[in-house]
Amino acid sequence: MNLSYDEPLVGSLALMLSGVALAIAVGPWQQPYQLRSVCAVQRRFGKPAARGLWVLVAAASLVSGLAILSGIRPAFAVPAGDLRTAVEQELR
């Protein structure tokens with residue numbers, strides 16, 4: 001597993017966003033529910049559905065952060081360092 005310099009940053013930010021979204025879902029704050037999309041869900045389906053939306057955002061951020069930090073990537077994706085090495089080898 002060879003992480004580039006930006007992957008730990010992006011992965012840790014995704015994990016922090018997951019924690020914040022989960023705190024919003026279970027916490028007493030009202031300001032995050034004023035966001036347009038969340039407010040629309042709350043008006044149409046109620047507060048429990050809006051909380052569920054925040055839990056969904058937290059889960060997606062958690063999975064994304066863990067995938068980034070563990071180096072999981074699609075088969076067609078090549079890390080930037082490996083791509084440069086492959087191009088240099090083909091040019092020789």
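The notes below deal with the structure included here.

Conventions we followed
Note on numbering: residues in each chain are counted from 1, in written sequence order. It should be noted that, the model being predicted, local features are given only for residues of pLDDT at least 70 and side-chain atom pairs only at 80 or more, the latter also being counted only at that level, while totals for whole chains, interfaces and linings use all residues. To obtain the side-chain values, all non-hydrogen atoms of the structure were used and water was disregarded. For helices, the axis comes from a line fit to the C-alpha atoms of the stretch in contact; other axes are also lines fit to C-alpha atoms, and the angle between any two N-to-C directions lies between 0 and 180 degrees. The secondary structure listing takes helices from DSSP runs of H or I that are at least 4 residues long and strands from runs of E that are at least 2 residues long, numbered from the N terminus. Here roughly perpendicular refers to angles of 65 to 115 degrees, roughly parallel to angles under 35, roughly antiparallel to angles over 145, and oblique to all remaining angles. A crossing counts as left-handed when the near helix is turned anticlockwise from the far one by less than a right angle, and as right-handed when that turn is clockwise. Throughout, the ten residues Ala, Val, Leu, Ile, Met, Phe, Trp, Tyr, Cys and Pro are labelled nonpolar, Asp, Glu, Lys and Arg are labelled charged, and all others, Gly among them, are labelled polar. Candidate patch residues must exceed 30% relative accessible area and have no salt bridge, after which like charges are joined if within 9 Å and Val, Leu, Ile, Met, Phe, Trp or Tyr side chains if within 5 Å. Note on areas: Shrake-Rupley, 1.4 Å probe, and residue coverage restricted to the protein chains presented here. Salt bridge, as used here: a side-chain nitrogen of Lys or Arg that lies within 4 Å of a carboxyl oxygen of Asp or Glu. For every residue, the accessible area obtained with a 1.4 Å probe (protein chains only) is divided by the maximum for its type, and the residue is called buried under 20%, exposed over 50%, and partly exposed between those limits. The rule is short: rings of Phe, Tyr and Trp, with Trp giving its six-membered ring, pair when the centres are within 6.5 Å, and they are stacked under 30 degrees, edge-to-face over 60, tilted in between. Both a distance and an angle decide whether a charge sits over a ring: NZ of Lys or CZ of Arg must be within 6 Å of the ring centre and within 35 degrees of the ring normal. Only heavy atoms matter for contacts: two residues are in contact if any of them lie within 4.5 Å across the pair. The length a helix should cover is 1.5 Å for every residue beyond the first.

Further remarks concern the packing of helix α1 (residues 7-26) against helix α3 (residues 47-70). Interhelical geometry of α1 versus α3 gives an angle of 160° and a closest axis separation of 8 Å. Classified by the angle their axes make, α1 and α3 are roughly antiparallel. Here the hand of the crossing between α1 and α3 comes out left-handed. Classifying every residue of the contact of α1 with α3 gives 18 nonpolar, 5 polar and 2 charged.

Looking now at a nonpolar patch on the surface. A contiguous nonpolar surface patch, about 380 Å² in accessible area, is contributed by L9, V10, L13 and M16. Structurally, L9 is set in helix α1. According to the relative accessible area criterion, L9 is exposed, its value standing at 52%.

Among the 10 residues in helix α2 (residues 36-45), 1 count as buried, and that is only a small part of the element. In the stretch just after α2, G46 is the one whose phi turns positive, near 100°.

Let us now look at the packing of aromatic side chains. According to the stated counting rule, one finds 0 aromatic pairs in the structure shown. Of note, K47 hangs over the ring of Y33, and the distance from its end group to the ring centre comes to 4.1 Å.

Bringing the packing of α2 against α3 into the picture now. With their axes 7 Å apart at the nearest point, α2 and α3 run at an angle of 145° to one another. Regarding α2 and α3, the two cross each other, and that crossing is right-handed. Along its contact with α2, which presents V38, V41, Q42 and F45, the element α3 presents K47, A49, A50, L53 and W54. Broken down by class, the residue content of the contact of α2 with α3 amounts to 7 nonpolar, 1 polar and 1 charged.

The next point concerns α3. Given a rise of 1.5 Å per residue, 24 residues ought to cover 34 Å, and the 35 Å separating the end C-alpha atoms of α3 matches this to within 8%. Every buried residue belonging to α3 is among A50, W54, A58, S61 and G65, and all of these are buried. Each element contacted by the buried residues of α3 is listed here: α1 and α2.

Another point: the environment of G65. Looking at the element boundaries, G65 is found in helix α3. With 56 residues separating them along the chain, G65 and L9 place their C-alpha atoms 9.7 Å apart.

Turning to the side chain of S61, a few remarks are in order. As for its position among the elements, S61 is in helix α3. Judged by relative accessible area, S61 falls into the buried class, the value being 10%. With sequence-adjacent residues up to four places away left out, S61 is seen in contact with A14, L15, L17 and S18.

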